[in-house]
Structure formats: C-alpha cells, structure tokens
Amino acid sequence: MLDPNSSVPVIAIDGPSASGKGTVAQGVARALGFHYLDSGAIYRVLGLAALRAGVNLDNEADVFHVLLKINIGFVGDVVRLDSTDVTDAIREEAAGGAASKVGTHARVREALTEKQRAFRQPPGLVADGRDMGSVIFPDARLKIYLTASVEARAQRRYKQLIGKALNANMTALLQDIMLRDQRDSERAAAPLKKVADAVVLDTTNLTATQAMAEVLAHYHALRHAH
Ligand code: DC
C-alpha cells in the first residue's frame, strides 16, 4: 500500500550508543516543530520486558513471543510497558544492553517496522536510531550519521546516569559501549552503518547546541537547493 505520508519530510539521525543522538534529534524536532521518534526506546522497552520475563535474550522465538504479549506506549515524554511507566527504567544500562541483544533478531525488527513508520506524520519527523536512514526511512530527506569518540561517549553517559541519580562506573561504561558498538554494527539484521548518502557529524568536540545547529543548517541548505 502506498504510504499517504510518504511526502512528509524525515530527518534520520543514526549513530552509535551515547553519541548524543537523542539530545540532538529532540532539539532539531523542537526547532522545526516536527514529531520525534526515539526508536531505541522501543528496543529498550522490549529488552526490559524480556529481562523481566526471564527469557533468553539470544533466542529469537522467545523474544518474539514477549513482543507479541506486550504493549509499548508513548504518551508525550512518558514511555509505557503495558500500564507501567518505564521512562526511567529503560535508561539503565541493563535495559540498553538487553535492547542491543533483542535488536539482533530479524523477526523482531520486521515486526517493529510499521510501528516506527507510523510516526511519520505532518509536518515532519526526526527519527533517531541505528537503521533509520538505511531501513526504516530510506527516503529520508536528510540522513545524519552522528558519532563521537568512545571516551567522549562514555563520559556523556556517565554524566547522564549520575544526573539521574543512577549507578555509574566509568570502566564498566567504556566496556559496555564498546561491546554495544560491536554488537550493533556486526549483526546481520539492519546493522549500524553509515549509508552512502549520510552526512557524518563527529560531535566529540561539539556541544549539543552546536551539533543541533549543524543538523539544522544541513536541512535548511537542502531546502534551499530544491
Ligand atoms: O539508541 P539507544 O542507546 O537507546 O539504543 C539501545 C539499543 O537498541 C541499541 O544498542 C541497539 C538497539 N537499537 C536498534 O537495534 N535499532 C534502533 N533503531 C535503535 C536501537
């Protein structure tokens, strides 16, 4: 079926863990008055649900079964697993690691495709994740590959966790991020990669505000070129 929203502009922002995608994507969405899709949150809710259900995260059929039983909801900034508010719980490292594992399963990714595409609503969408530009919105008007050094990313995640009064350990964070990078980019199903038509933005030495301004400048430049 032809997607009635296929003309709605999408800005796809992909990149590794803790590269600042969320902050940048949300800021860009706010500046343009666009909707925002945090695709990682969907995988995090499923990861958390699978952890709570005690299933083997590496078993595709088991994880798929969990997905069929749960309801993943977004109400404003609140993320729900069935009727429970899991907004904070999904930000813990355990949920992130579980998300990366459940995200390796092709059947799971396929089942989540439509849910993600449904966020494409006028006047536009900023989508952040690993496969936004490659698989979910291959026709995105602008594709950004947002990255930063492993050290800078670990430092940011550390501050984020401490800011939320959650436990954080720098050495463990570094290891976790490197492991996650490897799993997300080496999996067979929709791996994290820079697509040919993406603009690379290295934020190691940029503030979030500067990174947002760069993305907006690229978007406006495109619009003027058309
Ligand atoms: O962006 P994030 O850190 O919230 O994502 C958590 C994990 O979810 C990430 O390590 C891999 C998985 N993920 C994915 O497989 N595909 C996406 N589009 C987004 C996240």
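Here, every reference points to the structure presented above.
The structure reproduced in this document is the subject of the present report. (Residues numbered from 1 in each chain as written. Predicted model: local features only at pLDDT ≥ 70, side-chain atom pairs only at ≥ 80, totals over all residues. Heavy atoms only, no water.)

## A look at the packing of aromatic side chains
(1) Moving on: One pass over the full model with this rule turns up two aromatic pairs.
(2) Moving on: Here F34 and Y219 contribute two aromatic rings whose centre-to-centre distance is 6.0 Å and whose plane-to-plane angle is 85 degrees, an arrangement assigned as edge-to-face. Of the two residues, F34 is situated in the loop between helix 1 (21–32) and strand 2 (35–38) and Y219 in helix 9 (residues 208–225); the sequence distance between them amounts to 185 residues. The residues F34 and Y219 share a single accessibility class, namely buried.
(3) Moving on: Ring centres of F74 and F119 lie 5.7 Å apart, and the angle between their planes is 85 degrees; on these two criteria the pair is classed as edge-to-face. Of this pair, F74 sits in strand 3 (residues 72–75) while F119 sits in the loop between helix 5 (106–117) and strand 6 (125–129), and the two are 45 residues apart along the sequence.
(4) Moving on: F119 gets classed as partly exposed once you look at its relative accessible area, which sits at 23%.
(5) Moving on: The aromatic ring of F64 is capped on one face by R107, whose charged end is 4.0 Å from the ring centroid. (Phe/Tyr/Trp six-rings, centres within 6.5 Å; stacked < 30°, edge-to-face > 60°. Helix = DSSP H or I, 4+ residues; strand = E, 2+ residues; numbered from the N terminus. Buried < 20%, exposed > 50% of the residue type's maximum accessible area, 1.4 Å probe, protein only. Lys NZ or Arg CZ within 6 Å of the ring centre and 35° of its normal.)

## Some words on the sheet that holds strand 7 (residues 142–147)
(1) Moving on: The strand order across the open sheet built from five strands is 2-6-1-7-8, with neighbouring strands paired in parallel fashion. Strand pairing shows two members of the sheet lacking a second neighbour, strand 2 and strand 8 (199–202), which therefore form its edges. Within this sheet the neighbouring strands show an average axis-to-axis angle of 20 degrees, counted without direction.
(2) Moving on: In terms of strand pairing, strand 7 meets strand 8 through four bridges, oriented parallel. Note on strand 8: the bridge partner recorded for I144 is V199.
(3) Moving on: Against the sheet, helix 2 (residues 39–53) makes contact with strand 2 and strand 6, and its axis sits at roughly 40 degrees relative to strand 2, the strand it touches most. (Pairing = 2+ DSSP bridges. Axes fitted to C-alpha atoms, helices over the stretch in contact; angles between N-to-C directions. Contact = heavy atoms within 4.5 Å.)

## A short note on the site of the ligand
(1) Moving on: By nearness alone, 15 residues border the ligand, and R44, R109, R130, D184 and R187 come closest of all.
(2) Moving on: For the ligand, an oxygen atom lies 2.7 Å from a polar atom in the side chain of R109.
(3) Moving on: In the environment of the ligand, a nitrogen atom lies 3.0 Å from a nitrogen or oxygen atom belonging to the side chain of D131.
(4) Moving on: With the chains in place, 97% of the 450 Å² that the ligand exposes on its own is no longer accessible.
(5) Moving on: It is helix 2 that provides the largest number of residues to the shell around the ligand, a total of four residues.
(6) Moving on: Counted by class, the shell around the ligand contains three nonpolar, four polar and eight charged residues. (Near = heavy atom within 4 Å. Polar contact = N/O pair within 3.5 Å; in protein donor to acceptor, adjacent residues only side chain to side chain. Areas by Shrake-Rupley, 256 points an atom, 1.4 Å probe, with all protein chains shown as cover. Nonpolar A, V, L, I, M, F, W, Y, C, P; charged D, E, K, R; others polar.)

## Looking at helix 4 (residues 93–102)
(1) Moving on: Taken across its 10 residues, helix 4 has eight buried, putting it largely inside the fold.
(2) Moving on: All of the buried residues along helix 4 are E93, A95, G96, G97, A98, A99, S100 and V102.
(3) Moving on: Along its buried surface, helix 4 packs onto helix 2, helix 3 (60–69), helix 5, helix 7 (150–163) and helix 8 (170–186).

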